[in-house]
Amino acid sequence: GAVLQSTAFTDKSNVNNARMDYQQKIGKGLFQTGYKGILRLFEDDFRQEDQINGEFRAVGTRTGILEFDEQIHALYAQYKSGVGKKWDVEAGLRGEQTMNNGLVQSLAVGFDNQYFNLFPSFNVGYKIAEGQDIRFI
């Protein structure tokens with residue numbers, strides 16, 4: 001026969017961001033650098049109940065609290081300089097360190113991930129007319 005179920009989900013979250021940027025003219029160009037940090041904290045309380053003999057009872061494998069934390073730290077540097085009157089070149093590099101972990105203690109399920117990525121960038125711009133540019137990425 002039919003089974004009645006009840007599902008509840010409560011989410012508590014906290015997200016924090018920090019950012020710092022710096023720029024300095026060097027020669028004909030502009031050097032920029034900075035940091036960006038993100039901290040995310042989540043607590044998700046989930047509960048599923050099945051009705052058995054007229055009473056709702058929690059399903060152990062679908063009930064618990066997920067605790068999830070994530071940190072992302074990124075540093076970047078880039079330099080943009082004019083080449084002649086119509087051209088400019090921009091080159092940069094961003095590095096990101098990510099750390100995240102999660103745990104559902106009642107189910108003995110958890111994970112812990114840490115990884116680092118580099119993101120290089122390079123593009124060339126051409127000034128067609130005042131206020132009109134084209135960029136090759």
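Structure: above.
Because the structure is predicted, anything quoted here is derived from the model rather than measured. (Residues numbered from 1 in each chain as written. Predicted model: local features only at pLDDT ≥ 70, side-chain atom pairs only at ≥ 80, totals over all residues. Heavy atoms only, no water.)

**Section: the overall build of the protein**
Along its length, the protein carries zero helices and seven strands. When the helices and strands of the protein are listed from N to C terminus, the series reads β-β-β-β-β-β-β. Relative to a compact globule of 137 residues, whose C-alpha radius of gyration would be 14 Å, the protein shows 25 Å and is clearly more extended. Here the C-alpha coordinates of the protein stretch approximately 85 × 30 × 20 Å along the principal axes. Across the 137 residues in the protein, those meeting the buried criterion constitute 20%. Roughly 10,000 Å² of accessible area belongs to the protein as shown, and the carbon and sulfur atoms make up 55% of that amount. Computed over 15 positive and 17 negative side-chain charges, the separation of the two mean positions in the protein equals 15 Å. (Helix = DSSP H or I, 4+ residues; strand = E, 2+ residues; numbered from the N terminus. Rg over C-alpha atoms; globule rule 2.2 N^0.38 Å. Buried < 20%, exposed > 50% of the residue type's maximum accessible area, 1.4 Å probe, protein only. Areas by Shrake-Rupley, 256 points an atom, 1.4 Å probe, with all protein chains shown as cover. Lys, Arg positive; Asp, Glu negative; His and termini not counted. Charge placed at Lys NZ, Arg CZ, Asp CG, Glu CD.)

**Section: the side chain of aspartate 50**
Assignment of secondary structure puts aspartate 50 in strand β2 (residues 29–52). For the buried aspartate 50, no salt bridge exists, and the shortest N-O distance to an oppositely charged side chain is 4.0 Å, to arginine 62. (Salt bridge = Lys/Arg side-chain N within 4 Å of Asp/Glu carboxyl O.)

**A word on unusual backbone geometry**
Backbone geometry places asparagine 53, a non-glycine residue, at a positive phi of 50°. Locating asparagine 53 in the fold gives a position in the loop between β2 and β3 (55–58). Even without being a glycine, alanine 108 presents a positive backbone phi close to 55°. Position of alanine 108 relative to the elements: it lies in the loop between β5 (87–104) and β6 (109–129). Look at alanine 108 and you get exposed, because its relative accessible area is 71%.

**Quick word on the packing of aromatic side chains**
This model, assessed by the stated rule, comprises three aromatic pairs. For the pair phenylalanine 68 and phenylalanine 111, a centre-to-centre distance of 6.1 Å together with 40° between the ring planes defines the contact as tilted. Of this pair, phenylalanine 68 sits in strand β4 (residues 64–83) while phenylalanine 111 is found in strand β6, placing the two residues 43 residues apart along the sequence. The rings of Phe42, Phe68 and Phe111 are connected pair by pair, giving a single aromatic cluster. Just above the ring of phenylalanine 119 sits the side chain of arginine 94; from NZ or CZ to the centre is 4.4 Å. (Phe/Tyr/Trp six-rings, centres within 6.5 Å; stacked < 30°, edge-to-face > 60°. Lys NZ or Arg CZ within 6 Å of the ring centre and 35° of its normal.)

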